[in-house]
Amino acid sequence: DCRSMLSTVDDDDPLWTEIRKEAARDAEAEPMLSSFLYASVLVHSSVESVISFVLANRLAEASMLSTKLKEVFDEVLASDANLREALRCDLLAVKDRDPACTSYVHALLYFKGFHALQAHKISHTLWCRGQKVMAIALQSRMSEEFGVDIHPGASIGKGVLLDHGQGIVIGETAVVGDRVSIMQGVTLGGTGKDAGDRHPKVRHGCLIGAHAAILGNIEIGHSSLVAAGSLVLKDVGKRTMVAGSPAKVVGVTSSEPSRSMIHEIKSEVRGKFCKDWEDAVQQETQREKAMRDNPTMDWTI
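In this report, we go over the structure that sits alongside the text. (Residues numbered from 1 in each chain as written. Predicted model: local features only at pLDDT ≥ 70, side-chain atom pairs only at ≥ 80, totals over all residues. Heavy atoms only, no water.)

## Points about helix α1 (residues 14–29)
Convention followed: Secondary structure elements are taken from DSSP: a helix is a run of H or I of four residues or more, a strand is a run of E of two residues or more, and numbering for both begins at the N terminus. Between the first and last residue of a helix there are one fewer steps than residues, each counted as 1.5 Å, and that sum is the expected span. Buried, partly exposed and exposed residues are distinguished by accessible area as a fraction of the type maximum, computed with a 1.4 Å probe on protein chains only: under 20%, between the cut-offs, and over 50%, respectively. Our arc is simply the arc of the directions from the helix axis toward the C-beta atoms.
Its 16 residues place the ends of α1 23 Å apart at the C-alpha level, agreeing with the 22 Å of an ideal helix rising 1.5 Å per residue. All of the buried residues along α1 are Leu15, Trp16, Ile19, Glu22, Ala23 and Ala27. End-on, the buried residues of α1 take up no more than an arc of 135°, which puts them together on one face. Looking at α1, the residues exposed on the side facing more than 90 degrees away from the buried face are Glu28 and Ala29.

Structure, rendered in structure tokens:
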């Protein structure tokens, strides 16, 4: 329960206590990094202070000094208990769902998907306060540093995993619910150039596969799975798996796929999907042959 991890007092914060133990073990195991681990973790008094320090140093540039950025980040985190809870939930999600993450301190210090998500949530808070210039400046630096471009207006819930992070794009009016996992290269984008509510709504428990594109003001129902490489242009119902370009329903999910991280179809629908896929390929092959045989015919749809 993330709510049990809100305190910033060492004795009352089990997550922070564990992070300090992990950092101390790493410093002992790798003396060359002991100064780095001391400055980045052991000298601090809370998880919030560590993430502020890490983000400030990663996002700093000549016009935005790390000391000034840390002051901004510290103030935002101190003022918002929900943001502090989300930080812990997101950190727990990385450790729970990514087998490459062997400790909390590794995610906290080295995982850029996690860094990008926390930087976005700070910029989103600034955006909602009306500090839009600062929020946009942070978005620009996030895109340059992490390869992740999330508009500060986008709303993202708790317990979210951006796995790898590279190439993720999320638009201004997008909404991502709690306990969602998003793989690298995913786009939650709009269509056309009209303003207003124009981006996807991904409900809780969803898993979005690598390089999937979900476009327009559409809804991905809770506990659904969008397969890697899919192009989604229409609403997806709850507990549904879609795949392909354009995406079609190919199966169902029995729980929250974001937690299991399993990208597969249940056995009872796998055969039907393979047959449907084979039929679609045959139809496209026949259409291409007909186009070659009748080049003067108008084949536009």
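## Points about the side chain of Gln118
Which entries qualify depends on this criterion: Any pair of residues with heavy atoms lying within 4.5 Å of one another is described as a contacting pair.
Structurally, Gln118 is set in helix α7 (residues 112–129). Not counting residues up to four positions away in its chain, the partners in contact with Gln118 are Ile51, Leu55, Leu87 and Asp90.

## Digging into the side chain of Arg84
We count it as follows: Only four residue types enter the charge count: Lys and Arg as positive, Asp and Glu as negative, with His and the chain ends excluded. One side-chain nitrogen of Lys or Arg within 4 Å of one carboxyl oxygen of Asp or Glu is enough to make a salt bridge. Distance and chemistry together define a polar contact, namely a pair of N or O atoms within 3.5 Å, with one atom able to donate a hydrogen and the other to accept it when in protein, and with adjacent residues in sequence counting only for side-chain atoms on both sides.
Mapping Arg84 onto the fold places it in helix α5 (residues 81–97). Buried within the structure, Arg84 lacks any salt-bridge partner; its nearest side chain of opposite charge belongs to Glu48, at an N-O separation of 4.4 Å. There is a polar contact of 3.0 Å between the side chain of Arg84 and the backbone oxygen of Leu77.

## Focus on the packing of α1 against helix α2 (residues 34–42)
Defined as follows: The angle between two axes is taken between their N-to-C directions and runs from 0 to 180 degrees, where each axis is a line fitted to C-alpha atoms and a helix contributes only its stretch in contact. To sort the angles, those under 35 degrees are grouped as roughly parallel, those over 145 as roughly antiparallel, those from 65 to 115 as roughly perpendicular, and the leftovers as oblique. Note on residue classes: Ala, Val, Leu, Ile, Met, Phe, Trp, Tyr, Cys and Pro are nonpolar, Asp, Glu, Lys and Arg are charged, and everything else, Gly too, is polar.
Closest axis-to-axis distance for the α1/α2 pair is 9 Å, and the angle between their directions is 170°. In terms of axis orientation, α1 runs roughly antiparallel to α2. In contact with Trp16, Ile19, Arg20, Ala23, Ala24, Asp26 and Ala27 of α1, α2 contributes Ser34, Leu37, Val41 and Leu42. Of the residues belonging to the contact of α1 with α2, the class tally is eight nonpolar, one polar and two charged.

## Let's talk about the packing of aromatic side chains
Cut-off, in case you're wondering: By convention, a stacked pair of Phe, Tyr or Trp rings (six-membered ring in the case of Trp) has centres within 6.5 Å and planes under 30 degrees apart, an edge-to-face pair has planes over 60 apart, and any other such pair is tilted. Only when the NZ of Lys or the CZ of Arg is both within 6 Å of the ring centre and within 35 degrees of the ring normal is a charge said to sit over the ring.
The full count for this structure, using the stated rule, is one aromatic pair. Relative to Tyr110, the ring of Phe36 lies with its centre 6.2 Å away and its plane at 25°, an arrangement referred to as stacked. Of the two residues, Phe36 is situated in helix α2 and Tyr110 in helix α6 (residues 104–110); the sequence distance between them amounts to 74 residues. For Phe36, a relative accessible area of 35% translates into the label partly exposed. A cation sits over an aromatic face here: Lys132 above Trp127, 4.5 Å from the ring centre.

## Observations regarding the packing of helix α3 (residues 47–59) against α7
Between α3 and α7, the shortest axis-to-axis distance is 11 Å and the interhelical angle comes to 95°. As far as their axial angle goes, α7 and α3 are roughly perpendicular. Residues Ile51, Val54, Leu55, Arg58 and Leu59 of α3 touch α7, and the partners they reach there are Lys112, Phe114, His115, Gln118, Ala119 and Ile122. Among the residues forming the contact of α3 with α7, the class breakdown is seven nonpolar, two polar and two charged.

## Notes on the sheet that holds strand β14 (residues 240–243)
Rules: We treat two strands as partners when DSSP finds at least two bridges between them.
The mixed open sheet is built from six strands, whose spatial order is β3-β6-β9-β12-β14-β15. Because the sheet does not close on itself, it has two edges, and the strands there are β3 (161–162) and β15 (248–252). Of the strand pairs in this sheet, β3 and strand β6 (residues 181–182) are connected by two bridges, and their pairing is parallel. Pairing of Leu162 across the sheet is with Ile182, part of β6.

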